[in-house]
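Read off the chains here:
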Amino acid sequence: MKARIKLIFLFLLVYLVGVYFFWPFSEESGDSGDKGIQNNLQGAADENIEPSSSLVVEEAVSPGKSSRTYSWNYEGYRWSLSLLLDDKLYDAYKSRTRKREYDLFASDPYDDWLIKNIADTLLSLSKEYGLEENKVPGLCVSFIQSLNYTSDFASSGYDQYPRFPYETLYDNGGDCEDTSILSVAILQEMGYDVVLLELPEHMALGIKCDPETEGRSFEYKNNHYYYLETTGSNWQIGEMPEEYKSEPVQVIPVYRRPLVNLDFSAQCEYSNKGGWVDVNVTLRNVGSEMAENTTIYVALQADDESVIWDQVESDPVDVEPEEAYQFTATGLRVPGGKTFRVYVRALGENLFTEEIISEWVSI
């Protein structure tokens, strides 16, 4: 896994300088210089451009590398964003487990370089071309809305397959959870207070606004988050599709945090006098922040759970995102003729407790 992470960072460093370029231009612009672009923008401010005319163009650059150019309309202008993407980096993302919560796709640290570049450019250009501050989130989401909508099953063969932002851009789109994750990542980097909004069969984002703002909002920790749709086109802040208005909504905050997946295997040798159990534990941090001072506790529980036949705890370790830590507990004892089960727990300084247990076994 460490080799894979190093591979990711190698590609990031190689392509960081020229990873993308981004520019707005009018629908009828034929000029290539900055001055010409600015003049055309000013002249096109009142043009009525249909918001549905979005376009994604893919072009091979070299073996294993390609560019994606995304073009869309917003507030009377034509905008375009080009990214240089790499097949091997995409494959590294695809190899990562989907067993993590939705917010951890949005807060993943390994695409910070990409998200920061897009966010910084959107903010810079919105100021350069006089876009009103309250229109900036719409500029971001209009880009996301221009991507293709594809269901998880059609694109991956799985009913549920959330994507990291890099994957969504590489795939030229995704479903509602993918576009919501990408939108939240960019808007959060821009400095907006945003959350994911999960519905039974849908996902969108919520953006913190003044309580007097019109439209549908959801309260979370004394803040009002206004619904913002990331699929389709031309949705406004607070505007919620009719079919979702009666559905329950769960607010999911997005922040950096560790999350571990636990797995273990056990082997037992026994005689009439007792048993000896070896337990091999794998802890993988699928979160977006280091799991600090993390220990693994292994015990053989009796059927009376207040009784422990044997137990051991690892030394504390720090586990980076996407890294795995292995711990082996050897020779744990259980008396002959007794029933036990293996209990494994992970504890950490900044980690919610995670635990798993085996089935009951009799010696």
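Presented here is an overview of the structure given in this document. Source: prediction; values computed, not measured. Along each chain, residues carry numbers from 1 onward, in the same order as the chain's sequence is written. Confidence filtering applies because this is a predicted model: local features only for residues at pLDDT of at least 70, side-chain atom pairs given and counted only at 80 or more, and all residues used for totals across whole chains, interfaces and linings. Here the side-chain values reflect all heavy atoms present in the structure, with hydrogen atoms and water set aside.

**As for the pattern of salt bridges**
Working step 1: We define a salt bridge as a side-chain nitrogen of Lys or Arg found within 4 Å of a carboxyl oxygen belonging to Asp or Glu. Within the structure shown, the criterion is met by 13 salt bridges.
Working step 2: A salt bridge links Glu101 to Arg257, with the nearest nitrogen and oxygen atoms 2.7 Å apart. Taken together, the positions of Glu101 in the loop between helix H3 (87-94) and helix H4 (102-106) and Arg257 in the loop between strand S11 (250-253) and strand S12 (260-271) put the pair 156 residues apart, joining distant regions of the chain.
Working step 3: Residue classification places Glu101 among the partly exposed positions, given a relative accessible area of 43%.
Working step 4: Its salt-bridge partner being Asp120, residue Lys116 comes within 3.0 Å of it at the nearest N-O pair. A residue pair is termed a helical-turn pair when its members lie 3 or 4 positions apart in one helix, as Lys116 and Asp120 do in helix H5 (residues 112-128) at four residues.
Working step 5: Relative accessibility decides the category of a residue: with a 1.4 Å probe and only protein chains considered, values under 20% of the type maximum give buried, values over 50% give exposed, and everything between is partly exposed. The class for Asp120 is partly exposed, based on a relative accessible area of 34%.
Working step 6: One continuous salt-bridge network, built from bridges that share partners, spans Arg96, Arg100, Asp108 and Glu322. The way it works is that DSSP assigns letters per residue, a run of H or I at least four long becomes a helix, a run of E at least two long becomes a strand, and they are numbered from the N terminus.

**What about the side chain of Ser288?**
Working step 1: Relative to the helices and strands, Ser288 resides in the loop between strand S13 (274-285) and strand S14 (291-302).
Working step 2: Between N or O atoms, a polar contact is any pair within 3.5 Å; within protein, one atom must be a potential hydrogen donor and the other a potential acceptor, and residues adjacent in sequence are included only when both atoms are from side chains. There is a polar contact of 2.9 Å between the side chain of Ser288 and the side chain of Ser107.
Working step 3: Should any heavy atoms of two residues lie within 4.5 Å, those residues are counted as being in contact. Residues within four places of Ser288 in sequence aside, it is in contact with Leu104, Ser107, Asp108, Pro109, Tyr255, Arg256, Arg257 and Pro321.

**A short note on the nonpolar core**
Working step 1: We call a set of buried residues a nonpolar core when its members are Ala, Val, Leu, Ile, Met, Phe, Trp, Tyr or Cys and they connect through side-chain atoms within 4.5 Å of each other. With 51 residues, the main nonpolar core has Tyr70, Tyr166 and Ile186 as its most contacted residues.
Working step 2: For this core, the leading source of residues is helix H9 (residues 176-190), giving eight residues.
Working step 3: In this view, Tyr166 contacts Leu85, Asp86, Leu89, Tyr90, Tyr93, Asp111, Trp113 and Leu114; residues no more than four positions away in its chain are not counted.
Working step 4: In terms of nonpolar packing, the next biggest core, distinct from the first, is built from 21 residues, Val260, Val281, Leu283 and Val298 among them.

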